[in-house]
Amino acid sequence: MSGLCLGLDTSNYTTSVALVDGAKGRSRERLLDVPRGTLGLRQSDAVFQHVRRLPALMADLAAETPFGPIAAVGASVRPRDQEDSYMPCFLVGKSQGESLAAALGVPFFPCAHQQGHLAAAAWGAGHEELLDRPFLAWHLSGGTTELLHVTPQGHTVHAEKIGGTSDISAGQLIDRTGVLLGLAFPAGKALDRLYPQGTGTCRPFSVKLAGLTFSLSGMENKVKALAEEGVPPAEVARFTLDTVIRVVLRATQEALTRYPGLPVLCSGGVASNRQLREAMERACGALFAPPRYAADNAMGVAVLTRRGLEREEQREPQ
């Protein structure tokens, strides 16, 4: 295969573009601007920011020495690989990706944002071969906390939800905790920096695990109570993160009793947390990508686009 594969991802948090050529890749991404003290954007505002930012990110990417001509274009077109999965912000990447592919006369490969997350995490961890075999995965992000059983599906993957939260996500809990403490949104990195300053005087909350599912809404009430009592921000941050880490680890260990021997991959922005990574690596050898490829990014979309193109070329008569 010759040429580059371009991936676009226009999520509810980040505008990103990526190019891959075999094992090499590069990307550009920018978080959406969220007013301080708020917990996100309206979809219309997210769409507006994506439309304005994509050309500049593409120009930055093109300014580097290119690997070669673009051979295929891909984009995340919906949150999950389900017919009823829809979010307007993904229409920006979809429409621009389809337009680019048509103008260049190259194939267009759509995928789901979640599939892109899994591919980026596997590629970033140096284990793209996971995409060709069953594995367990966490999608831990600002809007999602899902434990998945993942199997190959053509050039991409099928992700079946087997556990996770029944209400708010781990990322929502972390972001709401951060905003409550006066931190900027999204708050994951800020809580991560506060964590070592805490002494652990607030014991982690015992979240009830029902099979592989758990609820974090009660935890949010605990965080609000601690803040109202004047507990130092570092202690609140440590309390929140330790609680999330413990329940994610417990659910993983339970899942491994049901699916013994499967590798565990962690994806999504929350998977960038250092304490979570250390605990999961130590307990079950979980695989993590570098933080840049754990959070929302287009690299996984570009990887899946390359895999789709390779699959098409293999089917072509010699």
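Definitions and limits used
Residues numbered from 1 in each chain as written. Predicted model: local features only at pLDDT ≥ 70, side-chain atom pairs only at ≥ 80, totals over all residues. Heavy atoms only, no water. Helix = DSSP H or I, 4+ residues; strand = E, 2+ residues; numbered from the N terminus. Contact = heavy atoms within 4.5 Å. Polar contact = N/O pair within 3.5 Å; in protein donor to acceptor, adjacent residues only side chain to side chain. Pairing = 2+ DSSP bridges. Axes fitted to C-alpha atoms, helices over the stretch in contact; angles between N-to-C directions.

Remarks on the environment of Asp167
(1) Moving on: Looking at the element boundaries, Asp167 is found in the loop between β8 (156–165) and α4 (170–180).
(2) Moving on: The spacing of Asp167 and Arg292 is 125 residues in sequence and 27 Å in space, taken between C-alpha atoms.
(3) Moving on: Not counting residues up to four positions away in its chain, the partners in contact with Asp167 are Ser215, Leu216 and Ser217.
(4) Moving on: A polar contact of 2.3 Å, which involves the side chain of Asp167, links it to the side chain of Ser215.
(5) Moving on: Here Ser217 takes part through its side chain, which lies 3.1 Å from a polar atom of the side chain of Asp167.

Re the environment of Gln49
(1) Moving on: Assignment of secondary structure puts Gln49 in helix α1 (residues 43–63).
(2) Moving on: Sequence separation between Gln49 and Met219 is 170 residues, and the spatial gap between their C-alpha atoms is 33 Å.
(3) Moving on: In contact with Gln49, not counting residues within four places along its chain, are Leu32, Asp33 and Leu41.

Describing the sheet that holds strand β4 (residues 70–78)
(1) Moving on: The five strands are arranged β3-β2-β1-β4-β5 in an open sheet whose pairing can be described as mixed. Looking at strand neighbours, the two that pair on one side only are β3 (24–31) and β5 (108–112), the edges of this open sheet. The average undirected angle you get between the axes of adjacent strands in this sheet is 15°.
(2) Moving on: In this sheet, β3 lies alongside strand β2 (residues 14–21) in antiparallel orientation, the contact comprising eight bridges. In the sheet register, Leu19 faces β3, and the bridge partner there is Arg26.
(3) Moving on: The sheet contacts of helix α3 (residues 113–124) involve β1 (4–10), β3, β4 and β5, and relative to β5 the element is tilted by about 95°.

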